[in-house]
Amino acid sequence: MSLWIYEVGLILRSPVALIATLLLAIFAGAAVLAGLHEVSRQQAAIAAIPAAQAEDNAAVAVRVAESQDAGSAAYYSFHPTWNAPSTLAFAALGMRDVSPHMLRIRALGLEAQIYDGETFNPELALPGRFDFAFVLVFLAPLFVIALFHDLTSGEREAGRLRTLEALPHGGRALWLRRSGLRFIMLWTALGVPFLLGALVSRAPLAGTAAFVVIVAAYLLFWIAVALLVSRLRWSSVANAAALAAIWLVLALVLPTLANVVINRALPVEQGSEIALAQREAVNGAWDIPREDTMRRFYANHPEWDGIAPLPETFHYKWYLAFHQVGDESVADQVQAYRTGLERRDAAARTLGVLLPTVGVQAVLTRLARTDLQAQLAYQNDIRAYHQRLRAFYYSYLFHDRPFAAADFGRAPTFVEGG
Amino acid sequence: MTETAPIRIEDLVVDYGADAVLTGLSLCVPAGSITALLGGNGAGKSTTLATLLGFVRARSGTVRVDGIDPGADPDGARRRIAYLPENVALYEHLSASENAEYLLALSGETPAREALCEAFRAAGLQEAAWSQRLAGFSKGMRQKVAIAVALLRRTPVLLLDEPTSGLDPRATADFNALVSAVRDRGAAILMVTHDLLSAANVADRICFLDAGRIVEDLEAEGPDRFDIRALHRRFAVTERAAAA
């Protein structure tokens, strides 16, 4: 025990170690605060939905009151969906900054609504937002380098190495103790801000523990790299340069190259192209005979066929039918797009096994449910909800039933994961 | 006597790849004696110390430190050795006391404060320097800190690597007196040095090392101990051999 106390005393007198640890704690703290702020902003936006929705419904009800047309109700009514952040999302925002976490949908064509909101921000796409995962994956290795690059070489350069190693507890045990102490300092600098964030966010114990273990494992990986380099018996400057080069390759160069390779090997069209194709299909429907559209619609949805004939004048059931036909015309593209994204995601996760920088990000975003899987699950929820909305409005439209003010309250509501 | 000597080396062969450094070294340092090992650069003096400390593995031969094989149990051997390198480099930002306490902790010792003070006094370190940071210490003062640590450890073996290089004559004399005191407490002391005069003053035995083996082994005799002129001649021969 006394040896640990002496080592603590020594490291507390090392300005570089203290400043580095403090700086890392500040970065981690700032990232946790930024993450909590972002999550809180998203939660507030989601919490504001019911009031805004009630106001919106009231306005649409006034508009529809006279005609009692279910088609007008379907056309003008927006229905909110949301993907609430998990309690660990503050630590790894993942795709929540580039993918929508709220979407107001109508019972019209869905695909254009989903993929219209798909934006691509190149500034955020590569390194991601400044969150705890960013600090851990990209910045923490630099602090490992700062604390470990001269662990043994510093003693050699100061002329103390032989003196220390000639003592019974001065060989491997000494380096293990010093490495352990530096590891604990770095782990604490990252772990304490994270744990405070998890406490504020009321994150589950298992997920929090998993995060803490991953932080430790990732630090240990970089410490192992630093210790391997130190075995080459280079100077401290050479060690630092070599470790910085390794960091550059592992954290930036290889993931970027791998991203390019995966994107080239697994081409996936943009979601906006699906939106465009769906819109073209829908707009094109105005120029083709209504009967053709309805025939295609009834072929896939015979349950609505023959209930009430289509009048000569405009009717929303034709309008909604060609929207649905528009959706169905891009179904293959949608499936190909999702499959492509999933294959890319699987390739990235496979790469993560070899590349800890990628692997840790993947695991953290999975734990925080902010990854592609979570995004696709949200889309599944939207699709399921949209089906219920269609069925709801179609039951009025295709039976030529009037849509009264009270019917707005009967519209299905969105349930996350439902 | 030979079997129980704290330092015992027999037919030691050490090589660094193709370079043979020790080629059959045999040496025995009994308890309560000082042996000085002299030789030119590359004669194998430092390798001998490194082998005793367990830093270098022997290719063949026997090495024992107080009965322990340092190749097989380096920590066990190091528990029995106090080692002073040529330049005693310690932590500049720590005081003499803090440095000594830390080194002793790494040796598994936690001496009482009074014992440390006593050791500093015995080593000749002025009391005002005990709590001073080492940054301003001379080489002699640093050595006194290291000697104080060695005194407190009471190891059966003391290894000295060029201990008097860079010391002025007075500091050398002080150091020799200290080493003699450690010897009188029963330690076996092996001193690697280029300082012939200092070796002649303090050592009980002087061994000349050349090409990895002892080529001359002289014991102190009579009041003059050693024939300085003969030592100089012998040393000149080994230095020339090393240069060649």
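Residues numbered from 1 in each chain as written. Chains lettered and ligands numbered in written order. Predicted model: local features only at pLDDT ≥ 70, side-chain atom pairs only at ≥ 80, totals over all residues.

An unreviewed UniProt entry lists chain B under the name ABC transporter ATP-binding protein, from Brevundimonas intermedia.

Within an unreviewed UniProt entry, the label attached to chain A reads DUF3526 domain-containing protein, and the organism entered is Brevundimonas intermedia.

What am I meant to see in the overall build of chain B here?
Counting its regular elements, chain B contains 9 helices and 9 strands. Against the 2.2 N^0.38 benchmark of 18 Å for 244 residues, chain B shows a C-alpha radius of gyration of 18 Å, consistent with a compact globule. Summarising its shape, the C-alpha atoms of chain B cover approximately 45 × 40 × 35 Å along the three principal directions. When the 244 residues of chain B are sorted by exposure, 47% land in the buried category. Contacts in chain B between residues far apart in sequence, at least 24 positions, make up 71% of those at least 6 positions apart. (Helix = DSSP H or I, 4+ residues; strand = E, 2+ residues; numbered from the N terminus. Rg over C-alpha atoms; globule rule 2.2 N^0.38 Å. Buried ≥ 20, exposed ≤ 12 C-beta atoms within 10 Å, placed from the backbone. Contact = placed C-beta atoms within 7 Å.)

When you look at the UniProt feature "domain: ABC transporter" (unreviewed entry) in chain B in this model, what are you seeing that I'm missing?
Mapped onto this numbering, the UniProt entry gives "domain: ABC transporter" (unreviewed entry) at residues 7-236 of chain B. The span residues 7-236 of chain B is 38% helical and 27% strand by assignment, and the distance between its end C-alpha atoms comes to 27 Å. (UniProt positions renumbered as here; feature names shortened; annotations may be inferred.)

Looking at this model, I keep getting lost on the nonpolar core. Mind explaining?
Buried together is how nonpolar side chains tend to be arranged in soluble globular proteins. Ranked by size, the top nonpolar core spans 80 residues in total, and within it Ile7, Ile81, Ala148, Ile189 and Met191 of chain B carry the most contacts. With near-sequence residues (within four places) excluded, Ile81 of chain B lies in contact with Ala166 of chain A together with Leu52, Leu53, Val65, Thr155, Val157 and Leu159 of chain B. Ala198, Phe211, Val229 and Ala362 of chain A belong to the second largest nonpolar core, which has 53 residues in total. (Core = buried A, V, L, I, M, F, W, Y, C linked by C-beta atoms within 7 Å.)

Explanation requested: the domain arrangement of chain A in the structure shown.
Size of an interface, as often reported, equals the accessible area lost when the parts are brought together. All names here are of chain A. Taken as a whole, chain A is organised into domain 1 (2-28 + 132-245) and domain 2 (48-120 + 270-410). For the side of domain 1 that touches domain 2, the secondary structure elements donating two or more residues are helix 7 (132-148), helix 10 (172-201) and helix 11 (205-230). Partitioned by chemical class, the residues of the side of domain 1 that touches domain 2 number 12 nonpolar, 3 polar and 1 charged. (Domains from an automatic or database assignment. Nonpolar A, V, L, I, M, F, W, Y, C, P; charged D, E, K, R; others polar.)

Can you walk me through the domain arrangement of chain B in this structure?
All names here are of chain B. For chain B, the assigned domains read domain 1 (1-80 + 156-244) and domain 2 (88-154). Taking the mean C-alpha position of each, domain 1 and domain 2 sit 25 Å from one another. Each partner contributes to the interface: domain 1 provides 9 residues, whereas domain 2 provides 8 residues. It is helix 7 (residues 169-184) that contributes the most residues to the side of domain 1 that touches domain 2, 5 residues altogether. Grouping the amino acids of the side of domain 1 that touches domain 2 by side-chain chemistry returns 7 nonpolar, 1 polar and 1 charged.

What is the right way to look at the sheet that holds strand 2 (residues 19-29) of chain B in this model?
By way of backbone hydrogen bonds, the strands of a sheet pair with one another, either parallel or antiparallel. All names here are of chain B. Spatially, 3 strands are ordered 2-1-4 in an open sheet, and the strand pairing comes out antiparallel. The sheet is open, and its two edges are formed by strand 2 and strand 4 (60-65), each paired on a single side. The sheet shows a mean angle of 25 degrees between the axes of neighbouring strands, direction not considered. In this sheet, strand 4 lies alongside strand 1 (residues 7-16) in antiparallel orientation, the contact comprising 5 bridges. Along strand 4, the bridge assignment pairs Ile9 with Val63. (Pairing = 2+ DSSP bridges. Axes fitted to C-alpha atoms, helices over the stretch in contact; angles between N-to-C directions.)

Just checking my understanding: could you explain the confidence of the model for chain A for this structure?
When pLDDT drops low, the exact placement of atoms in the prediction is not to be read closely. Here chain A averages 92 in pLDDT, and 97% of its residues register 70 or above. Taking the mean pLDDT of every element in chain A, the minimum, 52, falls on helix 6 (residues 122-125) of chain A and the maximum, 98, on helix 11 of chain A. (pLDDT = per-residue confidence, 0-100.)

Even after reading the chapter, I still don't get the confidence of the model for chain B, so can you show me in this structure?
Averaged over all residues, the pLDDT of chain B is 90; the fraction at 70 or higher stands at 98%. Listed scores for the predicted complex are pTM 0.88 and ipTM 0.89.

Would you take a moment to explain the packing of helix 7 of chain A against helix 12 (residues 236-265) of chain A for this structure?
Angle between the axes and distance between the axes: these two values describe a pair of packed helices. All names here are of chain A. Interaxial distance between helix 7 and helix 12 falls to 10 Å at its minimum, and their mutual angle equals 165 degrees. One element, helix 7, and the other, helix 12, form an angle in the roughly antiparallel class. Crossing hand, helix 7 versus helix 12: right-handed. Here Val137, Phe138, Pro141, Leu142 and Ile145 of helix 7 lie close against helix 12, whose contacting residues are Ala240, Leu243, Ala244, Trp247 and Ala251. In terms of residue class, the contact of helix 7 with helix 12 is made up of 10 nonpolar, no polar and no charged. (Parallel < 35°, antiparallel > 145°, perpendicular 65-115°, else oblique. Left-handed = near helix turned anticlockwise from the far one by under 90°.)

Teacher, can you tell me more about the environment of Arg8 of chain B here?
Residues and elements named next belong to chain B. Structurally, the position occupied by Arg8 is in strand 1. Note on Arg8: 20 C-beta atoms within 10 Å, which makes it buried. Between the C-alpha atoms of Arg8 and Cys28, which are 20 residues apart in sequence, the distance is 4.6 Å.

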